[in-house]
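# Structural overview
For reference, the chains in residue letters:
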Amino acid sequence: MKKKLMLKLTYTATILLTLTVASLTNQAVTVISQQMDFEREICFVIDPGHGGVDGGATSVTGKLESAFNLEISVRLRDLLHFLGYQTKMIRTTDVSVYTRGETIAQKKMSDLKERVRICNETSGAILLSIHQNTFSDGKYSGAQVFYADADNSEALAKALQKNLVNTLNPGSNRQAKKAEGIYLMEHIQCPGVLVECGFLSNVQEEAKLRSAEYQKALCCVIAATAVGFVA
Ligand SMILES: [Zn+2]
């Protein structure tokens, strides 16, 4: 597709998305178009966290984090495709992506290395890693965005955190944070953010995270921000 046409389509789609999110939440998403150094074709690498032997956290109703992550990631992939962007899914079913290992610990490490390899081998990659949070105290809620060391990650995370707060978590004072001790985020060479969409330990938020409507709203905010960022 010609670049000008692509930009026009992207612009139109971003407005449509913004209006969709605005009508969902009565709040507008701030679409940030920054002059970033994205010279290559963009490919959003979507990482549904965990999977297979590693289910991640368990929600208050007993649903595994890996299942929430996959459902939201599939919706995000479809939306980004609709907007004309290339995507690559790290997994599309309930599997761990390890290539070697006997013990669970070895398989988990192999899985993480494989996720890093996929990101680092993809030309023009921008990583969107989807996770859910949990805490021993059920009162905590709200999405939080973490960023990788790689260039442009922090700015994307801050824009996304702001948009998530303004649209879906009004009143939240959560801030974007640097991802520390997260293997994937510390080893990728491309821009990357990890979105903890909400708390599976909070009864109200877990119910929202299970609903198609809320998952769609989350994806609208993530996609609109990511697309606005590279447009
Ligand atoms: Zn997780």
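For the structure, check the block above.
These lines cover the structure that appears in this document, whether it is placed above or below. Being a predicted model, the structure only gives us computed values, none of them experimental. (Residues numbered from 1 in each chain as written. Predicted model: local features only at pLDDT ≥ 70, side-chain atom pairs only at ≥ 80, totals over all residues. Heavy atoms only, no water.)

## Some details on the nonpolar core
Judged by nonpolar contacts, the single largest core of 42 residues is most densely connected at Phe44, Leu76, Leu80 and Leu164. Among the secondary structure elements, those contributing two or more residues to this core are β1 (43-48), α2 (65-82), β3 (125-133), β4 (144-147), α4 (153-167), β6 (192-199) and α7 (212-230). Other than its neighbours up to four places away in sequence, Leu164 contacts Ala143, Val145, Asn169, Val195, Leu218 and Val221. In this structure, Val45, Val116, Ala148 and Leu184 belong to the second largest nonpolar core, which totals 16 residues. (Core = buried A, V, L, I, M, F, W, Y, C linked by side-chain atoms within 4.5 Å. Buried < 20%, exposed > 50% of the residue type's maximum accessible area, 1.4 Å probe, protein only. Helix = DSSP H or I, 4+ residues; strand = E, 2+ residues; numbered from the N terminus. Contact = heavy atoms within 4.5 Å.)

## Section: the side chain of Asn69
With respect to the secondary-structure elements, Asn69 resides in helix α2. By relative accessible area, Asn69 is classed as buried at 0%. Here Gln132 takes part through its side chain, which lies 3.1 Å from a polar atom of the side chain of Asn69. Once residues within four sequence positions are removed from consideration, Asn69 is found in contact with Pro48, Gly49, His50, Arg91, Ile130, His131 and Gln132. (Polar contact = N/O pair within 3.5 Å; in protein donor to acceptor, adjacent residues only side chain to side chain.)

## Some details on the pattern of salt bridges
Scanning the entire structure with this criterion turns up nine salt bridges. Of the charged contacts, one joins Arg115 and Asp47 as a salt bridge, the two residues approaching to 2.7 Å between their closest N and O atoms. Of the two residues, Arg115 is situated in helix α3 (residues 104-121) and Asp47 in strand β1; the sequence distance between them amounts to 68 residues. Overall, Arg115 belongs to the buried group, its relative accessible area being 3%. Asp47 gets classed as buried once you look at its relative accessible area, which sits at 1%. We note a salt bridge from Asp78 to Arg77, for which the minimum N-O separation is 3.1 Å. Exposure remark for Arg77: the relative accessible area of 22% places this residue in the partly exposed category. Shared partners join several salt bridges into a network, and the residues in it are Asp47, Asp111 and Arg115. (Salt bridge = Lys/Arg side-chain N within 4 Å of Asp/Glu carboxyl O.)

## Thoughts on the pairing of strand β2 (residues 86-89)
Regular strands have side chains that alternate between both faces of the sheet. Going residue by residue along β2, you find Thr87 and Met89 tucked away on one face and Gln86 and Lys88 left uncovered on the opposite face. Where β1 and β2 come together, four bridges link them in parallel fashion. Within β2, the residue paired with Cys43 across the bridge is Gln86. As a crossover connection, the stretch from β1 through α2 into β2 is right-handed. (Pairing = 2+ DSSP bridges. Right-handed = clockwise from strand over helix to strand, strands pointing away.)

## Examining the packing of aromatic side chains
All told, the structure shown has two aromatic pairs when counted by the stated rule. Here the aromatic rings of Phe135 and Tyr140 are separated by 5.3 Å at their centres, their planes lie at 90 degrees, and the arrangement is edge-to-face. Judged by its relative accessible area of 34%, Tyr140 falls in the partly exposed class. (Phe/Tyr/Trp six-rings, centres within 6.5 Å; stacked < 30°, edge-to-face > 60°.)

## Some remarks on the sheet that holds β1
Pairing within the open sheet is mixed, and its six strands lie in the order β2-β1-β3-β6-β4-β5. Each edge of the open sheet carries a strand with a single partner, namely β2 and β5 (177-178). Here β4 pairs with β6 via four bridges, running antiparallel. In the sheet register, Phe146 faces β6, and the bridge partner there is Leu194. With respect to the sheet, helix α6 (residues 203-210) is in contact with β3 and β6, its orientation differing from that of β6 by roughly 120 degrees. (Axes fitted to C-alpha atoms, helices over the stretch in contact; angles between N-to-C directions.)

## Focus: the packing of α6 against α7
The interhelical angle for the contact between α6 and α7, taken along N-to-C directions, is 80 degrees, at an axis separation of 5 Å. Judged by the angle between their axes, α6 and α7 are roughly perpendicular. Contacts between α6 and α7 involve Glu205, Lys208, Leu209 and Arg210 from the former and Ala212, Tyr214, Gln215 and Leu218 from the latter. Split into classes, the residues belonging to the contact of α6 with α7 amount to four nonpolar, one polar and three charged. (Parallel < 35°, antiparallel > 145°, perpendicular 65-115°, else oblique. Nonpolar A, V, L, I, M, F, W, Y, C, P; charged D, E, K, R; others polar.)

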